[in-house]
Amino acid sequence: MKKHALLVLCIVLVTTGMLFGAGAKESSSAETEKTVLEFWTWRPEDVEFYEGQIARFEAANPDIDVVQTAHKNTEYNTILAASLSGGAGPDVFQGRAYGGLATFADSGFLEPLEQWMPELKNYSATALLGATSPTDGKIYGSPAVSQTVFMYYNKDIYEELGLKVPKTWAQMISNFEAAKKAGYIPLGNGAKDGWCLETMLGGMGPTWYGGTDFYNAVIKGEKNFLDPAFIRMVEEMKALGKYLPDMYMGISYEDMRSNFFNEMSPHLIAGSYEAAYFNAQNPDLNWGVFAVPGQKESDPAYVSVYADMNFAMNANSKNKDAAVKFLKFLSSKEFGGAMVSELKMVSSVPGVDASSDPFIARVLELQEHATPYLFLVGFRYQQPTGSSLWQAAAQGVMAGTLTPREAAKQVQDGIASYYEPFQK
């Protein structure tokens, strides 16, 4: 009897073990069937936004897990290039535009997307320009957003000081003087990070060098960067130094933003991508934007505009079917609408009503006098890029080691080393 009971117990234990073992095996099998996508961005400030969007995607695609990694924007390109060149890297990632995209595409790191996403044909030609390699004419990114560079201003400080939005350059300088007299930093920008001086160029430069007319002329080689109007623009940028923070050569990007959202400065030349960040850092901040005015009220008040971000796929991804699903999600009207309402960015996705947000409506209004973001749009396709040349030259001017003409010649000579229209 005892032997019989023992035999039954053993059978029960073995059977139970088999059942639990089978369950564990099935669970393990189910887990291995789940595809994990690596997704990289260069905007740590947007991590929460993407977490929310990823949760929506995963709810609709329970067989896919998306792991987000956000790198510092100034380090992103280097980290991404090193990873992709090693045959690794993320499956889907935020890619740059224009020459920044072409460099990765021409290196074989990016997957051409037309065969995966035929809906790309519905995007505007302007948006697709920043996502297309000029080498082979293929589209390597799904256009996400465009950015606009202009002046942010603090409405409460303006009211306190009795200031009005300037309609001429002289009126803007007068506002700077009033802010300085009242103890504020008139203009919060800094020069530690060279790319921030390219942003400053985008905000204040076109009014002096002539906007789109000048851009078209230099692209054709009819003018170059030794043009008197361009040199005058560099001189005016240098003159703004007396309104920048003390020791502005040590003022970084983060310092600049802090100057504005902490209300130490009533002005900041920056991109439309800052709006949501400012709101998050200081919900009570009462700010607006204006285009830096020309010398006369009748002069166009230009804003520099560029295609900023593309969502791209790693050519070496082992999960391309799942990656395409995520790319299509990131290219949907719902996601584009969220970019507008939550991140305050102008979505490139066709059919998204960007004007539904008051800030975006204002941005679109300022784009009446839009001009290409000079070096990023026109001269980032070969080395040395116009952006790298300008950033170094501008830092030299602001530090007092280069004259405006020397800086302009440095830019001109660097681009002329490969740009045929400048070699005639």
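The preceding data block contains the structure.
The structure presented is a predicted model; accordingly, all values stated were derived computationally and were not measured.

### Structural notes on the packing of aromatic side chains
Here the distance between the centres and the angle between the planes together describe a pair of aromatic rings.
Phase 1 of the analysis: Applying the stated rule across the entire model yields 43 aromatic pairs.
Phase 2 of the analysis: Seen from their ring centres, F104 and F109 are 6.2 Å apart, and the 55° between their planes marks the pair as tilted.
Phase 3 of the analysis: Between F375 and F379, the aromatic rings sit 6.4 Å apart at their centres with planes inclined by 55°, giving tilted as the arrangement. The two residues F375 and F379 agree in class, both being buried.
Phase 4 of the analysis: The structure contains a cluster of three or more aromatic residues connected by ring pairs, namely Y209, F214, F225, F230, F375, F379, W390, Y419 and F422.
Phase 5 of the analysis: One cation-aromatic arrangement involves R96 over W42; the distance from NZ or CZ to the ring centre is 3.8 Å.

### A word on the environment of M264
Phase 1 of the analysis: Among the secondary structure elements, M264 is positioned in the loop between α12 (253-261) and β5 (267-271).
Phase 2 of the analysis: Counting along the chain gives 81 residues from M264 to G183, while the straight-line C-alpha distance between them is 8.8 Å.

### As for helix α10 (residues 211-220)
Phase 1 of the analysis: Where α10 is concerned, the buried positions are G211, F214, Y215, A217 and V218. All buried residues of α10 fall inside an arc of 165° around its axis, so they share one side. Those residues of α10 that are exposed and aimed more than 90 degrees away from the buried face are D213 and K220.
Phase 2 of the analysis: Check the buried side of α10 and you find it contacts α9 (206-209), α11 (228-239), β9 (370-372) and α17 (374-378).

### Observations concerning α11
Phase 1 of the analysis: Compared with the 16 Å implied by 1.5 Å per residue over 12 residues, the 16 Å span of α11 between its first and last C-alpha is a close match.
Phase 2 of the analysis: Of the residues making up α11, those classed as buried are F230, I231, M233, V234, E236 and M237.
Phase 3 of the analysis: Between the side-chain oxygen of the N-cap and the backbone nitrogen of A229 there are 2.9 Å, and the N-cap of α11 in question is D227.

### Structural notes on empty space enclosed by the protein
Over the atoms, a rolling probe the size of a water molecule traces out where space has been left empty.
Phase 1 of the analysis: Scanning the model with the defined rule gives two cavities of 30 Å³ or more in all.
Phase 2 of the analysis: For the largest cavity, the calculated volume is near 60 Å³.
Phase 3 of the analysis: Looking at the largest cavity, the residues that line it are N189, W195, C196, T199, Y253, M256, R257, L268, I269, A270, Y273 and E274.
Phase 4 of the analysis: Contributing elements (two or more residues each) for the lining of the largest cavity: α8 (194-204), α12 and β5.
Phase 5 of the analysis: Taken together, the residues of the lining of the largest cavity break down into eight nonpolar, two polar and two charged.

### Details of the pairing of strand β6 (residues 287-290)
Phase 1 of the analysis: In β6, alternate side chains face the same way, and those of W287 and V289 on one face and G288 and F290 on the other are all buried.
Phase 2 of the analysis: Both strand β4 (residues 142-154) and β6 contribute to a ladder of four bridges, which runs antiparallel. Residue pairing in the sheet places Y153 in a bridge with G288 of β6.

### Re the environment of R232
Phase 1 of the analysis: Mapped onto the elements, R232 comes out in helix α11.
Phase 2 of the analysis: With relative accessibility at 36%, the residue R232 sits in the partly exposed group.
Phase 3 of the analysis: The sequence separation of R232 and Y209 amounts to 23 residues, and the corresponding C-alpha distance is 7.5 Å.

Calculation rules
All residue numbers refer to position in the chain's written sequence, counted from 1. Reporting of local features is limited, given that this is a predicted model, to residues whose pLDDT is at least 70; pairs of side-chain atoms are given and counted only at 80 or more, and all residues count toward the totals for whole chains, interfaces and linings. Calculation of side-chain values draws on the structure's entire complement of heavy atoms; hydrogens and water are dropped beforehand. Note on aromatic pairs: the rings of Phe, Tyr and Trp (six-membered ring only in Trp) are paired at centre separations within 6.5 Å, and the planes decide the class, stacked below 30 degrees, edge-to-face beyond 60, tilted for the rest. Only protein chains enter the calculation, and the probe is 1.4 Å; a residue is then buried if its accessible area is under 20% of its type maximum, exposed if over 50%, and partly exposed in between. Sitting over a ring, as applied to charges here, requires NZ of Lys or CZ of Arg to be within 6 Å of the ring centre and within 35 degrees of the ring normal. In this text, helices come from DSSP runs of H or I with a minimum length of four residues, and strands from runs of E with a minimum of two, each type numbered from the N-terminal end. Read the arc as the range of directions from the helix axis to the C-beta atoms. Contacts between residues were defined by any pair of non-hydrogen atoms, one from each residue, lying within 4.5 Å. What a helix should span is 1.5 Å times the count of its residues minus one. Pairs of N or O atoms are called polar contacts if they sit within 3.5 Å, as long as, within protein, a hydrogen donor faces a hydrogen acceptor (for residues adjacent in sequence, only side-chain-to-side-chain pairs). In this analysis the probe radius is 1.4 Å and the grid spacing 1 Å, with only protein atoms considered; a cavity is a set of points the probe fits into but cannot get out of, a pocket is an open set with protein on both sides within 12 Å along at least five of seven lines, and lining residues have an atom within 4 Å of a point. Grid points are joined across faces, edges and corners, and a volume is the space filled by probe spheres set on the points. Gly is put with the polar residues, along with every residue not named as nonpolar or charged; the nonpolar set is Ala, Val, Leu, Ile, Met, Phe, Trp, Tyr, Cys and Pro, and the charged set is Asp, Glu, Lys and Arg. A pair of strands is labelled paired if DSSP reports no fewer than 2 bridges between them.

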